[in-house]
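Notes for the structure review
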Amino acid sequence: VRTVRTVDEIRALSRSWKREGTRVGFVPTMGALHEGHLSLVRLVRSRCDRTVVSIFVNPLQFGPGEDFDRYPRDLDRDRSLCEGAGVDAVWAPSPADLYPEGFATAVEVEGPLATSLCGGSRPGHFRGVATVVAKLLLAVEPDVAVFGQKDAQQVAVIRRMAADLALPCEIAVAPTVREPDGLALSSRNAYLTPAERSQATCLKRGLDAASALFAAGQREPRHLLGACRAALESSPLARIDYLALVDAATLVPVEPTLSRPALLAVAVFFGRTRLIDNALLSPSE
Ligand code: AMP
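Below or above, wherever it landed, is the structure these notes cover. (Residues numbered from 1 in each chain as written. Predicted model: local features only at pLDDT ≥ 70, side-chain atom pairs only at ≥ 80, totals over all residues. Heavy atoms only, no water.)

Next up on the list: the pairing of strand β8 (residues 262-270). Of all nine residues making up β8, nine are buried, and the element is well covered by its neighbours. In β8, alternate side chains face the same way, and those of Ala262, Leu264, Val266, Val268 and Phe270 on one face and Leu263, Ala265, Ala267 and Phe269 on the other are all buried. Where strand β7 (residues 238-247) lies against β8, nine bridges are found, and the strand directions are antiparallel. Bridge pairing in β8 links Ala238 to Phe270. Note: β8 against strand β9 (residues 273-281), nine bridges, orientation antiparallel. For Phe270, the partnering residue across the bridge sits in β9 and is Thr273. (Buried < 20%, exposed > 50% of the residue type's maximum accessible area, 1.4 Å probe, protein only. Helix = DSSP H or I, 4+ residues; strand = E, 2+ residues; numbered from the N terminus. Pairing = 2+ DSSP bridges.)

Next up on the list: the side chain of Thr22. Note on placement: Thr22 falls in the loop between α1 (7-19) and β2 (24-29). From its side chain, Thr22 meets the backbone oxygen of Trp17 in a polar contact 2.6 Å long. Other than its neighbours up to four places away in sequence, Thr22 contacts Trp17, Asp49, Arg50 and Asp143. (Polar contact = N/O pair within 3.5 Å; in protein donor to acceptor, adjacent residues only side chain to side chain. Contact = heavy atoms within 4.5 Å.)

Glancing now at helix α8 (residues 152-164). Helix length check: α8, at 13 residues, gives a terminal C-alpha distance of 18 Å against a target of 18 Å (1.5 Å per residue), a fit within 8%. When α8 is considered as a whole, its buried residues turn out to be Ala152, Gln153, Gln154, Val155, Ala156, Val157, Ile158, Met161 and Ala162. Immediately downstream of α8, the backbone of Ala166 shows phi near 50 degrees, a positive value. (Expected span 1.5 Å × (residues − 1).)

Laid out in structure tokens, this is it:
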């Protein structure tokens, strides 16, 4: 696997591949790679000839007091996982490569897409995400970029941005990869104490409880939300940040009954660690 640093290097490499007529796929990450990231790599490899993974802990998307400083970083380990997964290039820019002296531009998706849910709890987060993803896509110029359904709101924001800016890149989504007990894989799971880790299954249990009610025909938001809340509240170490049933496309709360595809989204604190998860409830199914 090649490792490159600067915007100019990755752009030159990607363009050289495209001149050969090959399709380039891209997986943006913050590193601390796990099986969830590797599943995105496999999706890219099934559809493209060349795979680029970026590893960049983006300071713009962390708020004051969040975990930017303690976010796990291990480039050597990430590189060997990429090597094993058949990645062609790892792009690991430094903050100065992406945000040179005088950097003053932001990309901001407006409205509930970026201000609801995680955007409410983490002001400025999606501005940081949209800004860095725009920069990454402009540098790599991929044919396809893949994101995880685990970060469903991020997918909605990036799809909006890509459409609004007419970025010449397909945005693809890969399903959430989970531990055997249902906990969604996340680099942040490493922060959990053993007791928190065992209770962290409450997110998936809550989503499953609501999904089961939904499958049985329940369409009223308060009942679906109530089933999920009960599972979350059965875990004494969990503190609910938000629990919401929203339109899957607009992220506007569903009311009075669910008639279009909806996203049941949860964010829960265990101590200072914040975990998110979601389930899609699709009436057509
Ligand atoms: P991150 O490194 O956390 O910024 O994540 C990089 C990409 O991997 C994002 O598109 C995430 O949605 C995706 N991702 C993270 N965890 C998972 C998971 N458990 N399953 C699928 N995709 C994931």
